[in-house]
Amino acid sequence: MISKKDFERLKKYQDTSSWCVWEKWNKDDKEYTSNLYGKDNAWVKHMAWTKDEDGLIKKIKTSCVFVALNASGKPDDGKTNVPWSNFHSGKNDYVLRYALWDDYYGSYITDIIKYKDVKKEIRYKETNSSAVRKDIEENPAILRDNIQILNDEIAILKDVEIIIALGRDAYDFLIKAQEDNPLLKTMKIVWVCHYSDRYVKWYYKNKKKGYGDYQNISRAECYKRIFIEQLKEQGLK
């Protein structure tokens, strides 16, 4: 749960972060249950929940935060004018919804790297994770300054106990930042495979054969099973 006051404070990040909240969907709606969701702004019509802030506040859970490394798509600079649209507008975001719907619905979700220049509020537009890593290595201030933003987000949420990194890169940078970050030191940080990983099915086929015939399950179901298994391996149910 979050107070109305703290929710209002978090709204300064509504263009770069979001909540694990989605409208219920019809399993027969191919637009909403496949990568068609991210095409031609089809996702916009599924964001009505952002307009009911009081209802949203009641759904919010603050004990767990999901953190990816960087945005998977370039900022739309407000063209769609939809708040909290990060993690809800990409072609693979339906996979994330499928995995988080049951146990993590209502959690906060964000990226580590939001800005190229925090002080000037210049958004970070690079989407290739390898390029992002190289950029951070050449300019450590990018990571340092963006971690301070993450600190602010977590401090506003107040009750965060667990950070689940989406992807190994995000996890490695969080663990590095945790070394001299008093706030992050109070939290358990774990990681799961990123939901847009092109090798999700390959991983399932080769490592998780015990679940049955991988050819008969969707990419979303495949990711959900990997997600659950990886968290169990790190002590989370």
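Residues numbered from 1 in each chain as written. Predicted model: local features only at pLDDT ≥ 70, side-chain atom pairs only at ≥ 80, totals over all residues. Heavy atoms only, no water.

Trainee: An account of the sheet that holds strand S6 (residues 162-166) is needed here, citing residue identities and associated values.
Mentor: Strand order in the open sheet formed by five strands is S1-S3-S2-S6-S7, with mixed pairing between adjacent strands. The sheet is open, and its two edges are formed by strand S1 (18-19) and strand S7 (188-192), each paired on a single side. Relative to strand S3 (residues 108-113), helix H5 (residues 141-157) is tilted by about 160 degrees, and along the sheet it contacts S1, strand S2 (64-70), S3 and S6. (Pairing = 2+ DSSP bridges. Helix = DSSP H or I, 4+ residues; strand = E, 2+ residues; numbered from the N terminus. Contact = heavy atoms within 4.5 Å. Axes fitted to C-alpha atoms, helices over the stretch in contact; angles between N-to-C directions.)

Trainee: Which residues make up the pattern of salt bridges, and what values go with them?
Mentor: The full count for this structure, using the stated rule, is 15 salt bridges. In this structure, the salt-bridge partner of Asp 6 is Lys 158, at a minimum N-O distance of 3.1 Å. Residue Asp 6 is found in helix H1 (residues 4-10), and its partner Lys 158 is found in the loop between H5 and S6; the two are separated by 152 residues along the sequence. Judged by its relative accessible area of 57%, Lys 158 falls in the exposed class. A salt bridge links Asp 152 to Lys 12, with the shortest nitrogen-to-oxygen separation between them at 3.0 Å. Here Asp 152, found in helix H5, pairs with Lys 12, found in the loop between H1 and S1; they are 140 residues apart in sequence, far enough to count as distant. Via salt bridges that share partners, Lys 4, Glu 8, Lys 11, Glu 53 and Asp 54 belong to a single interconnected network. (Salt bridge = Lys/Arg side-chain N within 4 Å of Asp/Glu carboxyl O. Buried < 20%, exposed > 50% of the residue type's maximum accessible area, 1.4 Å probe, protein only.)

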